[in-house]
Amino acid sequence: MWGGRFAEGPAAIMREINASIGFDKRLWRQDIEASKAHVAMLAAQGIVSDADAEAIRGGLETIAAEYETDGVTEDLALEDIHMHVENRLAELIGPVAGWLHTARSRNDQVATDFRLWVRDAIDAMDAGLAAFQAALVSRAGEHATSVMPGFTHLQSAQPVTLGHHLMAYYEMARRDRSRFADARTRMNESPLGSAALAGTGFALDRDATAQTLGFDRPTANSLDAVSDRDFALDYLGAATTTALHLSRLAEEIIIWASQPFGFVTLPDDYSTGSSIMPQKRNPDAAELVRGHAGRITGCLNALIGVMKGLPLAYAKDMQDDKPPVFETHDLLTLSLAAMTGMVETITFNTDRMHEVAASGHSTATDLADWLVREADVPFREAHHSVGSAVKLAEERGCGLADLPLPDLQSIDARIGESVYDVLSVEASVASRNSHGGTAPDQVRERIAEARAALGMSDEA
């Protein structure tokens, strides 16, 4: 590979530190795809003969078939997937293989391959997120009226519906998909033809290779094209936010599955036992999703650290761009599949949820709102009165709805009999009918919109 420049080959340690084939072999499909587009363009431009281009194309297809069947045989002396493909091509078709690298550097080659791989990864992630959303929407439809406690600071706040709670994660996933889509749009430019850093003197048709590979256009600056890894950082940024969302749901499932809560029962498929305590049902899948979020965050930080302060154009540091992206893709794909499976199969213990929703004076705000609406009391004054009522209920060991009317009127004489119409948890959730609220009618509207957006069939 190094031609006549070096009298001796690299030391063994240099071969090992310099080689990336152990991880960049995952790019073999993209490398062959980009190479076929490149040689076809070279032939169309009269830079390579049609016969040689056809031989190269045939050789590349043979290599693809070999790799598909047997995988890539690693040779540290060949460093990376690009040289593995080129070396195997020479073994198959002889010196004609040497024409393939005309007007191309490994710098623009890897930039192109990596963009193609990340683009494929984004498409796969979008499909996974859509499946996750569909699971959330289906279960939300089952529980549009199921009452559960809503929390702030992990303290009972106001009752909500389980369907509303699940649809909150649908919204997170909707934003996750939009971030991946934005990243895909921004990265969809082809670096191929930028060569090492300065472009090339050959009469290339970069628009043709861009079109063949599904890019919107060729990159506009060769220096930027070979040294840009923003697309990888964008992918990792979107993946990190997605992982954080999955981790939040995983944390809730872990809490809900604990005996003090008892809100859910996880299926056997997503639980494990204990080696010593036979009664245990551990939410290990959810815990691993939570743990993976930490590793994915670390991958983003790793690539930020690699790219920080690199001068233009390419530097060998950038060889370390791929492991954090590959690791993130594997972890997030697994986390997303696990969380989708849990949502689809988890058992919600709605009686227990309702019991807890009714505790903790969760309808206190409803009492305050009643004073504002029915007695024309300023909210801050109503808030103070209700605080006194809560204190009294705590002293009596009962709920607000259990306080006799004379006791409530001793706190605020403007409270009337109709206040009891708003103090049940069912009345509370039904009253939250503002757009995006937890009222069952609102939840059903959001579910219908989500089903339409996802192309799901109408509910039976």
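Here the structure is a predicted model, which is why all the values come from computation and not from measurement.

A.B. asks: Would you mind showing me how to read the side chain of R206 here?
C.D. replies: Looking at the secondary structure, you find R206 in helix 8 (residues 206–212). The side chain of R206 is buried and forms no salt bridge, while D108, the nearest opposite charge, is found at 6.9 Å. Every residue in contact with R206, bar those within four places of it in the chain, is listed here: S190, P191, L192, G193, S194, P218 and T219.

A.B. asks: Just to check I follow, could you spell out the packing of helix 6 (residues 106–142) against helix 7 (residues 162–187) for this structure?
C.D. replies: Two quantities define a packed helix pair, namely the angle between the helix axes and the distance between the axes. Two elements in contact, helix 6 and helix 7, have axes separated by 9 Å at closest approach and are oriented at 165 degrees. Relative to helix 7, the element helix 6 is oriented roughly antiparallel. Classified by chirality, the crossing of helix 7 by helix 6 is left-handed. Among the residues forming the contact of helix 6 with helix 7, the class breakdown is 17 nonpolar, two polar and nine charged.

A.B. asks: Which parts of the structure should I look at to understand the environment of D80?
C.D. replies: Looking at the secondary structure, you find D80 in the loop between helix 4 (50–70) and helix 5 (81–93). Taking the relative accessible area as the measure of exposure, D80 reaches 6% and is therefore buried. If we ignore the near neighbours within four places in the chain, the residues touching D80 are S20, I21, D24 and R106. A polar atom in the side chain of D80 sits 3.2 Å from the backbone nitrogen of H82. Separated by 2.9 Å, the side chain of D80 and the backbone nitrogen of M83 make a polar contact.

A.B. asks: Before we go on, may I ask you to explain empty space enclosed by the protein in this structure?
C.D. replies: Any empty space left between the atoms is revealed when a probe the size of a water molecule rolls over them. Taken as a whole and assessed by the stated rule, the structure comprises one cavity of 30 Å³ or more. Every residue along the wall of the largest cavity is listed here: L166, L249, I253, W256, V343, I346 and F348. Per-element tally for the lining of the largest cavity: the top contributor is helix 10 (residues 230–257), with three residues. A breakdown of the residues in the lining of the largest cavity according to their chemical character gives seven nonpolar, no polar and no charged.

A.B. asks: Can you help me understand the packing of aromatic side chains in this one?
C.D. replies: By convention here, two paired aromatic rings are described through the distance between centres and the angle between planes. A complete count under the given rule lists eight aromatic pairs for this structure. Arranged with centres 6.1 Å apart and planes meeting at 55 degrees, the rings of F151 and F261 form a pair that is tilted. Of this pair, F151 sits in strand 1 (residues 147–152) while F261 sits in the loop between helix 10 and strand 5 (264–265); the two residues are 110 residues apart in sequence, bridging distant segments of the chain. Relative accessible area serves as the criterion here: at 26%, F151 is assigned to the partly exposed category. By the ring-pair criterion, three or more aromatic residues cluster together here, those being F114, W117, F231 and F326. A cation over a ring is seen here: R119 above F215, with NZ or CZ 4.9 Å from the ring centre. Sitting over the ring of F114, K322 keeps its end group 5.4 Å from the ring centre.

Calculation rules
- Residues numbered from 1 in each chain as written.
- Predicted model: local features only at pLDDT ≥ 70, side-chain atom pairs only at ≥ 80, totals over all residues.
- Heavy atoms only, no water.
- Helix = DSSP H or I, 4+ residues; strand = E, 2+ residues; numbered from the N terminus.
- Buried < 20%, exposed > 50% of the residue type's maximum accessible area, 1.4 Å probe, protein only.
- Lys, Arg positive; Asp, Glu negative; His and termini not counted.
- Salt bridge = Lys/Arg side-chain N within 4 Å of Asp/Glu carboxyl O.
- Contact = heavy atoms within 4.5 Å.
- Axes fitted to C-alpha atoms, helices over the stretch in contact; angles between N-to-C directions.
- Parallel < 35°, antiparallel > 145°, perpendicular 65-115°, else oblique.
- Left-handed = near helix turned anticlockwise from the far one by under 90°.
- Nonpolar A, V, L, I, M, F, W, Y, C, P; charged D, E, K, R; others polar.
- Polar contact = N/O pair within 3.5 Å; in protein donor to acceptor, adjacent residues only side chain to side chain.
- 1 Å grid on protein atoms, 1.4 Å probe; cavity = no way out; pocket = protein on both sides within 12 Å on 5 of 7 lines; lining within 4 Å.
- Points joined across faces, edges and corners; volume = space filled by probe spheres on them.
- Phe/Tyr/Trp six-rings, centres within 6.5 Å; stacked < 30°, edge-to-face > 60°.
- Lys NZ or Arg CZ within 6 Å of the ring centre and 35° of its normal.

Geometry only, nothing functional implied.
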